[in-house]
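Observations on the three-dimensional arrangement
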Amino acid sequence: MPLTLILMRHAKSGWDDPIATDHERRLTPRGINDARAMGAWLRTAGLSPDVVLCSDASRTRQTVAELMTNAETPMLPKVAGALYNASSDVLIQQIKRQTANILLVCAHNPGIGLAARQLALTPPHHPRFDDYPTAATTVMQFDNARWPDINRGTVTHFVIPADLNA
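Residues numbered from 1 in each chain as written. Predicted model: local features only at pLDDT ≥ 70, side-chain atom pairs only at ≥ 80, totals over all residues. Heavy atoms only, no water.

1. Focus on the overall build of the protein
Put simply, the rule is: Going along the chain from the N terminus, every DSSP run of H or I of four or more residues is numbered as a helix, and every run of E of two or more is numbered as a strand. Atoms considered for the radius of gyration are the C-alpha atoms alone. The globule rule reads 2.2 Å times the number of residues to the power 0.38. Contacts are assigned to residue pairs with any non-hydrogen atoms lying within 4.5 Å of each other. Areas reported as accessible are Shrake-Rupley estimates using a 1.4 Å probe. Residue values count occlusion only from the protein chains shown. None of His or the chain ends enter the tally, which takes Lys and Arg as positive and Asp and Glu as negative. Charged groups are reduced to one reference atom each: NZ for lysine, CZ for arginine, CG for aspartic acid, CD for glutamic acid.
Secondary structure assignment for the protein yields five helices and six strands. Counted from the first residue to the last, the protein has its helices and strands arranged as β-α-β-α-β-α-β-α-β-β-α. In terms of overall size, the protein behaves like a compact globule, its C-alpha atoms giving a radius of gyration of 15 Å where 166 residues would be expected to give roughly 15 Å. Dimensions of the protein along its principal axes, counting C-alpha atoms only, are 45 × 35 × 35 Å. Here the contacts in the protein between residues at least 6 apart in sequence split such that 73% fall between residues at least 24 apart. Surface summary for the protein: the accessible area is close to 8,100 Å², and the carbon and sulfur share equals 51%. Distance between charge centres in the protein, computed from 16 positive and 15 negative side chains, equals 2 Å.

What follows is the structure, given as structure tokens:
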């Protein structure tokens, strides 16, 4: 069975709380709506992750919570401090340690966007792939049976919230 990887950047967050640290930043109302829309899109596409990994930042945890709104089987993510502002190499190392068939990783730019570029056999023809905006989501499949063996995967989808509202 091929492995499926879903790489998502957290949804739009704000700086409206003057005493909040970067780690504590929360989603804006737009971010909440975008995360819910991406969750609905994942369900429609039949992409239900077996495992969700996310950074321990407030905005990534909140993105995953909103993403799981109305999910058939909502799940608690595996929260990892190592994913907070992680480089693409760290993200890929974490991915290669997993065992799930469908894995969703929610993290931060630039790491998550760079990981998508590094793992994509051929990048999608989408004008926003290179800047990987908030809530951007890449889905790719690998022919490998185990995550430690992955190298490059086939991108099956690249979606941003604006695509869903078009």
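2. Quick look at helix 1 (residues 29-44)
What counts here: Multiply 1.5 Å by the residue count of a helix minus one, and that product is the helix's expected span.
Here helix 1 contains 16 residues, and its C-alpha end-to-end distance of 23 Å stays within 8% of the 22 Å for a straight helix at 1.5 Å per residue. In this structure, the buried residues of helix 1 make contact with strand 1 (3-9), helix 2 (58-67), strand 4 (102-107), strand 5 (137-142), strand 6 (154-159) and helix 5 (161-164). Where helix 1 terminates, the next one or two residues include G46, which has phi positive at roughly 75 degrees.

3. Some points on the pattern of salt bridges
Spelled out, the test is: When a carboxyl oxygen of Asp or Glu lies within 4 Å of a side-chain nitrogen of Lys or Arg, that pair is called a salt bridge. Remark: exposure states derive from per-residue accessible area (1.4 Å probe, protein chains only) relative to the maximum for the residue type, with buried under 20%, exposed over 50%, and partly exposed in between.
Tallying each qualifying case throughout the model produces seven salt bridges. Linking D130 and R117 is a salt bridge whose minimum nitrogen-to-oxygen distance equals 3.5 Å. One end of the pair, D130, is in the loop between helix 4 (111-119) and strand 5; the other, R117, is in helix 4, with 13 residues separating them in the sequence. By relative accessible area, R117 is classed as partly exposed at 28%. Note that D131 and R128 form a salt bridge whose closest N and O atoms lie 2.7 Å from each other. Overlapping salt bridges bring together D22, R25 and R59 as one network.

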